Amino acid sequence: MFVDLEVLKKKISSFRTEGGHLTKVSDELAMEILHAWEQWTGPANGFYTAIGVNQHKMAKIIGKAKRLKREGHFPAEDFKEIKIVGSTEFGTGQLTPCSGIEMAWDNGKLIRFSEVDQLVDFLKKVA
């Protein structure tokens, strides 16, 4: 979802005092700001300029939104399961590239598992 920064800027302005300070920013707006911040690909100063806010004023609001998100007040997007169709093995019985689960282990060793159950069993044994 693309966030229109001009609309966000207008929403933020409704929480400004006469002195220009941001006060009592709603949780919903804080989450919108965090979402826009996470989608921003340019330099940080460009984001703050686009929404018309000083980075020091915005740090507390973004921190609040991160805390709310972490505590589950605003659930993340719905989980989407991805199913892989096709064979995971060559004729030799080895995994094809980009199939299964790869885990980096001690000293740079790479361990591959063709199924999640194998990984879970391995982790139980080494724990």
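Remember, predicted model here, so these are calculated numbers, not experimental data. (Residues numbered from 1 in each chain as written. Predicted model: local features only at pLDDT ≥ 70, side-chain atom pairs only at ≥ 80, totals over all residues. Heavy atoms only, no water.)

Engineer: Which residues make up a nonpolar patch on the surface, and what values do they have?
Structural biologist: Residues Trp 105, Leu 123 and Val 126 make up a contiguous nonpolar surface patch of about 240 Å² in total accessible area. Inspection of the secondary structure assignment puts Leu 123 in helix H5 (residues 116-126). By relative accessible area, Leu 123 is classed as partly exposed at 35%. (Patch = residues over 30% accessible without salt bridge, like charges linked within 9 Å, V, L, I, M, F, W, Y side chains within 5 Å. Areas by Shrake-Rupley, 256 points an atom, 1.4 Å probe, with all protein chains shown as cover. Salt bridge = Lys/Arg side-chain N within 4 Å of Asp/Glu carboxyl O. Helix = DSSP H or I, 4+ residues; strand = E, 2+ residues; numbered from the N terminus. Buried < 20%, exposed > 50% of the residue type's maximum accessible area, 1.4 Å probe, protein only.)

Engineer: Any chance you could break down the nonpolar core for me, citing the residues and the numbers?
Structural biologist: Within the largest apolar cluster, 20 residues are counted, with the highest numbers of intra-cluster contacts made by Leu 8, Ile 12, Ile 33, Ile 51 and Met 58. It is helix H2 (residues 27-39) that provides the largest number of residues to this core, a total of six residues. Ignoring any residue separated from it by four or fewer positions in sequence, one finds Met 58 in contact with Ile 12, Leu 22, Ile 33, Tyr 48, Ile 51 and Val 53. (Core = buried A, V, L, I, M, F, W, Y, C linked by side-chain atoms within 4.5 Å. Contact = heavy atoms within 4.5 Å.)

Engineer: How would you sum up the pairing of strand E1 (residues 101-104)? Please name residues and give values.
Structural biologist: Here E1 runs beside strand E2 (residues 110-113); their pairing, made up of four bridges, is antiparallel. Across the sheet, the residue bridging to Glu 102 is Arg 112, located in E2. Where E1 folds back onto E2 in an antiparallel hairpin, the turn is made up of five residues, including Asn 107, whose phi is positive at roughly 55 degrees. (Pairing = 2+ DSSP bridges.)

Engineer: Tell me what's going on with the packing of aromatic side chains, and back it up with residues and numbers.
Structural biologist: This model, assessed by the stated rule, comprises five aromatic pairs. Aromatic pair Trp 37 and Tyr 48: ring centres 5.6 Å apart, planes at 20 degrees, arrangement stacked. Remark: Tyr 48 occurs in helix H3 (residues 44-51) and Trp 37 occurs in helix H2; sequence separation between them is 11 residues. Residue classification places Tyr 48 among the buried residues on the basis of a relative accessible area of 11%. Here the aromatic cluster, defined as three or more aromatic residues joined through ring pairs, consists of Trp 37, Trp 40, Phe 47 and Tyr 48. (Phe/Tyr/Trp six-rings, centres within 6.5 Å; stacked < 30°, edge-to-face > 60°.)

Engineer: For the confidence of the model for the protein, give the residues involved together with the corresponding values.
Structural biologist: Looking at the protein as a whole, its pLDDT mean stands at 77, while 77% of the residues score no less than 70. Here E2 stands out as the element of the protein with the lowest mean pLDDT, 80, in contrast to H2, whose mean of 87 is the highest. (pLDDT = per-residue confidence, 0-100.)

Engineer: Describe the environment of Val 53, with residues and values.
Structural biologist: With respect to the secondary-structure elements, Val 53 resides in the loop between H3 and helix H4 (55-70). Measuring from C-alpha to C-alpha, the distance between Val 53 and Ile 12 comes to 8.6 Å, with 41 residues separating the pair along the chain. Among all residues touching Val 53, those that are not within four sequence positions of it are Ile 12, Arg 16, Leu 22, Tyr 48 and Met 58.

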